[in-house]
Each structure stands twice: as structure tokens, then as C-alpha cells.
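Chain and residue survey
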Amino acid sequence: MTAQTPPNDHRLLDPASPPRRGRAAWTAIGRAHGRHRMFLIATCLALVLAAISDEAPGYDGPGPFIDLAFAVLVALAWWRFTPLLIVAMSAFLLFGGLAAPEFVSRLIQPTHALDFTAGWLQMLSFVAAATFAVTSAVYARRTSR
């Protein structure tokens, strides 16, 4: 450490990450770079899309808040395996949705266009979020060596 480097410089914590300025260096997306950053952002966007499609038809329940909370968690927490929580959450919500007969009926009745589109968009968003999360964790592991 030289005299010009402050002792609390973020490069000391993770020398593989490029130096960033400001508070962005303390978030997962701020610390990530290249494809890893792209996969983290895609995971967050898929969760936001799932929250919007859950709320669009006017469903009651905490689903949109859970989706957004996990998107914030992925964006802020910089542990390498944090995105894998999205896989568990997506699997849980997909199973819960497909186990509820009233939700399944929305997926197979295209006569109600908003319910039909929102249901399928939500399901596909969960699958995309899980896929991007796994890819993000694998890519982070490959680039950390």
C-alpha cells in the first residue's frame, strides 16, 4: 500500500474488480463488470417484469413485493451466490402458481387476454430470472479465478 492509497479503498477487498467511484462500488451490479454485470441486470429486469405481470390483472397477495425485494437483493448484495436465491424463489413461485387451479385456468383460457398474457409473462419471467441467475453465478465463479 502506498501513501496515496487510502486504507479503506475498495480495491483492497477485491483486486479483480475494476475501480469504480462512489457508492456503486458497494453494490453487486456496481462491482460486477462485463457479462457478469449484464446477467445480474437481466435477472433484476426479469424479476421486475414478473412483478408487473403479477400486478397487472389486479391479483391480491404479496407476490409483486417479493419479486421486487429479491431484485433489490440481487442488485445490492455482492456475495457471489446471492443470485442462486432467485432460483429457489422462482421454483417456489412457479410450483405454487401451477398448483393453484385458479391460476392454471388463467394460463389455458385465452378468452381473457390480460389474465392469459400476464400469467404466461409471469411464468416466463420466473424461468428467465432463474436462468440468468444461474448463468450469473457460474460466470462469476469462472471470472473470479
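Residues numbered from 1 in each chain as written. Predicted model: local features only at pLDDT ≥ 70, side-chain atom pairs only at ≥ 80, totals over all residues. Heavy atoms only, no water.

In this section: the overall build of the chain. From N to C terminus, the chain includes six helices and zero strands. Put simply, the chain runs from its N terminus to its C terminus through helices and strands in the order α-α-α-α-α-α. Put simply, the chain has 145 residues, and 36% of those count as buried. Put simply, 55% of the contacts in the chain that link residues at least 6 apart link residues at least 24 apart. A total accessible area of about 8,900 Å² is found for the chain, and carbon and sulfur atoms account for 68% of it. (Helix = DSSP H or I, 4+ residues; strand = E, 2+ residues; numbered from the N terminus. Buried < 20%, exposed > 50% of the residue type's maximum accessible area, 1.4 Å probe, protein only. Contact = heavy atoms within 4.5 Å. Areas by Shrake-Rupley, 256 points an atom, 1.4 Å probe, with all protein chains shown as cover.)

Attention shifts here to the packing of helix H2 (residues 35–55) against helix H3 (residues 63–76). Following both chains from N to C, one finds H2 and H3 inclined at 170°, their axes separated by 8 Å at the closest point. Judged on the interaxial angle alone, H3 and H2 are roughly antiparallel. Across the interface between the two elements, Leu40, Thr43, Cys44, Leu47, Val48, Ala50, Ala51, Asp54 and Glu55 from H2 touch Gly63, Pro64, Asp67, Leu68, Phe70, Ala71, Val74 and Ala75 from H3. Taken together, the residues of the contact of H2 with H3 break down into twelve nonpolar, two polar and three charged. (Axes fitted to C-alpha atoms, helices over the stretch in contact; angles between N-to-C directions. Parallel < 35°, antiparallel > 145°, perpendicular 65-115°, else oblique. Nonpolar A, V, L, I, M, F, W, Y, C, P; charged D, E, K, R; others polar.)

With 16 residues, helix H4 (residues 84–99) extends 23 Å between its outermost C-alpha atoms, agreeing within 8% with the 22 Å of an ideal straight helix rising 1.5 Å per residue. Listing the buried residues of H4 in full gives Ile86, Met89, Ser90, Leu94 and Gly97. All buried residues of H4 project into a common sector of 130° when viewed along the axis, lining one side. Seen from the open side of H4, the exposed residues pointing more than 90 degrees away from its buried face are Ala88, Phe92, Phe95 and Ala99. (Expected span 1.5 Å × (residues − 1). Arc of directions from axis to C-beta.)

Let us look at the nonpolar core. Counting 21 residues, the largest nonpolar core has Leu40, Cys44, Leu47 and Ile86 as the members making the most contacts within it. Counting residues per element, the ones that place at least two in this core are helix H1 (28–31), H2, H3, H4, helix H5 (101–108) and helix H6 (113–144). Here this core gets five residues from one element, more than from any other, and that element is H2. (Core = buried A, V, L, I, M, F, W, Y, C linked by side-chain atoms within 4.5 Å.)

Next up on the list: the side chain of His36. Tracing the backbone through its elements, the reader meets His36 in helix H2. Excluding its chain neighbours within four sequence positions, the residues that come into contact with His36 are Ser136, Tyr139 and Ala140.

Take the packing of H4 against H5 next. Two numbers describe how H4 lies on H5: the axes approach to 5 Å, and their chain directions differ by 85°. Taken together, the axes of H4 and H5 lie roughly perpendicular to each other. Contacts from Gly97, Leu98 and Ala99 of H4 reach H5 at Pro101, Phe103, Val104 and Leu107. Here the contact of H4 with H5 is composed, by residue class, of six nonpolar, one polar and no charged.

Nonpolar side chains collect at one region of the surface, where Val48, Ile52 and Leu68 lie side by side and expose about 230 Å² of accessible area between them. Accessibility expressed as a relative area gives 52% for Ile52, which makes it exposed. (Patch = residues over 30% accessible without salt bridge, like charges linked within 9 Å, V, L, I, M, F, W, Y side chains within 5 Å. Salt bridge = Lys/Arg side-chain N within 4 Å of Asp/Glu carboxyl O.)

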